[in-house]
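Remarks on the overall topology
Listed here are the chains, written in short residue letters.
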Amino acid sequence: MNIREKLANIEQIILKTEFLLKLISLSWKKYNIDDLVNLWYVSVIKKWSVYFNNQILAFRDPYILWWAYMDFKNFMFWGFDMYNKKGFITQVSNIFTIYNLNYSRELEIMWIKFKFKKIKKWFFYWKETKMINWYNINYMTRERLFLEYVRDYMTYEDNFFIEIYKTLDIKLLEKYMQKYPIKKVIDKINKIKVCL
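For clarity, every value in this text was computed on a predicted model and none was experimentally measured. Throughout, a residue's number is its position along its own chain's written sequence, starting from 1. In keeping with the model being predicted, local features are shown solely for residues with a pLDDT of at least 70 and side-chain atom pairs are shown and tallied solely at 80 or more, while totals for entire chains, interfaces and linings include all residues. The basis for every side-chain value is the complete set of heavy atoms in the structure, and neither hydrogens nor water enter the calculation.

Re unusual backbone geometry
What counts here: Strands are runs of DSSP state E lasting at least two residues, helices are runs of H or I lasting at least four, and both sets are numbered from the N terminus onward. The classification of residues rests on relative accessible area computed with a 1.4 Å probe and restricted to protein chains. Under 20% of the type maximum is buried, over 50% is exposed, and intermediate values are partly exposed.
One non-glycine residue, tryptophan 48, lies in positive phi territory at about 65°. Tracing the chain through its elements places tryptophan 48 in the loop between strand 2 (42–46) and strand 3 (50–53). Since its relative accessible area comes to 69%, tryptophan 48 is described here as exposed. Even without glycine at this site, tryptophan 111 takes up a positive phi of about 70°. Position of tryptophan 111 among the secondary structure elements: in the loop between strand 6 (105–109) and strand 7 (112–118). With a relative accessible area of 59%, tryptophan 111 lands in the exposed category.

As structure tokens, this is what we get:
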């Protein structure tokens, strides 16, 4: 079996460098990893570290690519994509925002745009984890996301937030508000409550 067939017969979509080097060492053809990339057998997620197996017909899920790039480090999805998924906005984002403790940069991984924002550790409180294709992906809970939504749209009228506010678990939101460090966001939410 050649390398392409071997890649097609494994179930892994995310491949580490060590695995590819072992696979290459078993091949009678003397490839290197760049050859596999040039032949389109694999695609680079993170150079010299993590690759996507192109021989498996799998959707290039931005969340899994993000997970692979972060390589088990602390991270969380946020931004317009999450606002859309949680029903706060109808706009669909073409950029995926990753909050993490390591990087501040924008990059494109397999034609998907990612914006990495480096934040402080407190930002990660009250995240939820969802398993997608055997990978644990971190999100904000809906109530935690609402705090950031109010922060992003602070200049909007208080009435703008009422319909979303009514759909939240208010006890949970109150709990999160006690720990949230940005006072102007808390003040804004207290004004929203008065509008009900």
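Okay, back to it.
As for the pairing of strand 9 (residues 135–140)
Our working rule: Here, strands pair whenever DSSP counts at least two bridges between them.
Of all the 6 residues making up strand 9, 5 are buried; the element is thus mostly covered by neighbouring parts of the structure. Bridge count for strand 8 (residues 127–132) against strand 9 is 6 bridges, and the pairing is antiparallel. Within strand 9, the position partnered with lysine 130 by the bridge is isoleucine 137.

Comments concerning the sheet that holds strand 4 (residues 75–78)
For clarity, the cut-off: In this analysis an axis means a line fitted to C-alpha atoms, helices contributing only their contacting stretch, and an angle means the value between N-to-C directions, from 0 to 180 degrees.
The 4 strands are arranged 4-5-7-6 in an open sheet whose pairing can be described as mixed. The open sheet has two edge strands with one neighbour each: strand 4 and strand 6. In this sheet, neighbouring strand axes are inclined to one another by 30° on average, regardless of whether the strands run parallel or antiparallel. Where strand 4 and strand 5 (residues 95–100) come together, 4 bridges link them in antiparallel fashion. Opposite phenylalanine 75, over in strand 5, you have asparagine 100 as the bridge partner.

Looking at the pairing of strand 3
Covered by surrounding structure in strand 3 are Val50 and Phe52 together with Tyr51 and Asn53, the residues of both alternating faces. With 4 bridges joining them, strand 2 and strand 3 adopt antiparallel strand pairing. Residue pairing across strands places serine 43 opposite phenylalanine 52, the latter belonging to strand 3. Hairpin remark: strand 2 followed by strand 3, antiparallel, with 3 residues in the connecting loop; positive phi at tryptophan 48, about 65°.

Observations concerning the sheet that holds strand 2
Short version of the rule: Throughout, a residue-residue contact means that at least one pair of heavy atoms, one from each residue, lies within 4.5 Å.
Spatial strand order, 1-3-2: 3 strands in an open sheet with antiparallel pairing. Two strands bound the open sheet, and with one partner strand each, they are strand 1 (14–16) and strand 2. Adjacent strand axes in the sheet meet at a mean angle of 35°, parallel and antiparallel pairs treated alike. Against the sheet, helix 2 (residues 17–25) engages strand 1, strand 2 and strand 3, with an angle of about 75° to strand 1.

A look at the environment of alanine 58
Within the secondary structure, alanine 58 sits in the loop between strand 3 and helix 4 (62–70). For alanine 58, a relative accessible area of 21% corresponds to the partly exposed category. For the pair alanine 58 and valine 194, spaced 136 residues apart in sequence, the C-alpha to C-alpha distance is 49 Å. Excluding residues that lie within four positions of it along the chain, alanine 58 makes contacts with Ile13 and Phe52.

These values are about where atoms sit, not about what they do.
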